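# Breakdown of the fold
The residues making up each chain are set out below.
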Amino acid sequence: MSERQIESGANKYNGKNLLDEKFLSEVLCDKEACQYVLRKLLSVDDLTAKKVVDRVAVKNPQVSGEIVDVSAVDGRGFTWEIAVCRTDQVEPLHSRYEFARIVKRLEDDGEGYSDTREMAVVYIGAVDHYGKGENIYTVRSYIKEMDKPLDDGTRIIFANAEADDGSEAAAMLQYFKTADPENMSQSALSERVRQLKLDAAQ
């Protein structure tokens, strides 16, 4: 490989962190790295990613911030469909579009609404918009009059890298801000970052 090729490979990812849409997409298209991130953000330690689809490559001009779609299964055997987005804007109505898109895709694949047990839309951002010092804010349906959760299988996750609540997810999101290829603290995520930033230049 020529010096020019090595320099080009190194520069492609140099200076990028995991809050950069394109680099985040490159990283999360690796199933092991994606699985690691989603386990932390969803608090599902036995989640296994089965399929990851790059949404950045789709380049929908009407919707920005879509990173990947993930099909997964957990230890209970429950199937998951997950949309991961990168945004610094809190737009709750956007989640309706993402859920509708997931359902449409399942219908196109010939699956019924009950075939997928869990659906999630995950937003990853730089800013703690809710200002409570939490790295993850989880939105679930509930019955107002009973103050009781409604287990309809849907959830929205707002994750941010600004806060640091001391959790494992917080440590991972702090790593998002640097994506230092020499920092191997985040298992499969670190391995993927290192692969793209260092191995790609060799």
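Just above sits the structure.
Residues numbered from 1 in each chain as written. Predicted model: local features only at pLDDT ≥ 70, side-chain atom pairs only at ≥ 80, totals over all residues. Heavy atoms only, no water.

### Things to note about the overall build of the protein chain
Looking only at helices and strands, the protein chain has six helices and eight strands in total. Burial analysis of the protein chain (202 residues in total) assigns 43% to the buried set. Put simply, 59% of the contacts in the protein chain that link residues at least 6 apart link residues at least 24 apart. Accessible area for the protein chain stands at about 11000 Å²; split by element, carbon and sulfur atoms hold 48% of it. (Helix = DSSP H or I, 4+ residues; strand = E, 2+ residues; numbered from the N terminus. Buried < 20%, exposed > 50% of the residue type's maximum accessible area, 1.4 Å probe, protein only. Contact = heavy atoms within 4.5 Å. Areas by Shrake-Rupley, 256 points an atom, 1.4 Å probe, with all protein chains shown as cover.)

### A short note on the sheet that holds strand β1 (residues 48-54)
On the basis of which strands lie adjacent, the open sheet formed by six strands has the order β1-β2-β3-β4-β8-β5 and mixed pairing. Strand pairing shows two members of the sheet lacking a second neighbour, β1 and β5 (136-140), which therefore form its edges. Ignoring strand direction, the axes of neighbouring strands in this sheet form an average angle of 20°. Here six bridges tie β1 to strand β2 (residues 66-73), and the two strands are oriented antiparallel to one another. Bridge pairing links D54 to V68 in β2. Relative to the sheet, helix α4 (residues 94-108) contacts β2, β3 (79-86), β4 (118-125) and β8 (154-160), its axis offset from that of β4 by approximately 135°. (Pairing = 2+ DSSP bridges. Axes fitted to C-alpha atoms, helices over the stretch in contact; angles between N-to-C directions.)

### Some details on the pairing of β3
Most of β3 sits inside the fold, with seven of its eight residues counted as buried. Relative to β3, β2 is paired through seven bridges, and the arrangement is antiparallel. Looking at β3, one finds that V73 is bridged to T79. A loop of five residues connects β2 with β3, the two strands running antiparallel in sequence, and G77 in this loop sits at a positive phi of about 90°. Alignment of β3 against β4, held across seven bridges, turns out to be parallel. For R86, the partnering residue across the bridge sits in β4 and is I124.

### Topic: the state of the cysteines
Applying the stated criterion across every chain yields a total of zero disulfides. C34 forms no disulfide, and the closest cysteine sulfur to it belongs to C29, at a distance of 8.1 Å. (Disulfide = S-S within 2.5 Å.)

### Points about helix α5 (residues 168-176)
Where α5 is concerned, the buried positions are A169, A170, M172, L173, Y175 and F176. Buried residues belonging to α5 abut α2 (21-28), α3 (31-42), β4, β5, β8 and α6 (187-197).

### Some points on α2
Residues of α2 that are buried include every one of F23, L24, S25, V27 and L28, and no others. Two to three positions downstream of the cap, the backbone nitrogen of K22 sits 3.3 Å from a side-chain oxygen, assigning the N-cap of α2 to D20. (Polar contact = N/O pair within 3.5 Å; in protein donor to acceptor, adjacent residues only side chain to side chain.)

### Observations concerning the packing of α3 against α5
Remark: α3 packs on α5, axes separated minimally by 8 Å, with the N-to-C direction vectors making an angle of 130°. Relative to α5, α3 is oriented oblique. Helix-helix and strand crossings are classified by hand; for α3 and α5 the assignment is left-handed. Seen from α3, the contacting residues are Y36, V37, K40 and L41; seen from α5, they are E168, A169, M172, L173 and F176. (Parallel < 35°, antiparallel > 145°, perpendicular 65-115°, else oblique. Left-handed = near helix turned anticlockwise from the far one by under 90°.)

### Looking at empty space enclosed by the protein
Inspection of every chain in the model, using the stated rule, returns one cavity of 30 Å³ or more. Considering only enclosed or pocket space, the largest cavity measures out at about 120 Å³ in volume. As for the largest cavity, its lining consists of 15 residues, and the residues nearest its centre are V90, V127, H129, F158 and A159. Tallied by class, the residues present in the lining of the largest cavity amount to eight nonpolar, five polar and two charged. (1 Å grid on protein atoms, 1.4 Å probe; cavity = no way out; pocket = protein on both sides within 12 Å on 5 of 7 lines; lining within 4 Å. Points joined across faces, edges and corners; volume = space filled by probe spheres on them. Nonpolar A, V, L, I, M, F, W, Y, C, P; charged D, E, K, R; others polar.)

### Some details on the pattern of salt bridges
Evaluation of the coordinates by the stated rule reveals 17 salt bridges. Among the ionic pairs, D88 bridges to R86, the shortest N-O distance being 3.0 Å. Across the salt bridge formed by R117 and D151, the nearest N and O atoms sit 2.8 Å from each other. Of the two residues, R117 sits in the loop between α4 and β4 while D151 sits in the loop between β7 (148-149) and β8, which places them 34 residues apart along the sequence. Taken together, the shared-partner salt bridges connect R55, E66, D69, E81, E98, R101 and R105 into one network. (Salt bridge = Lys/Arg side-chain N within 4 Å of Asp/Glu carboxyl O.)

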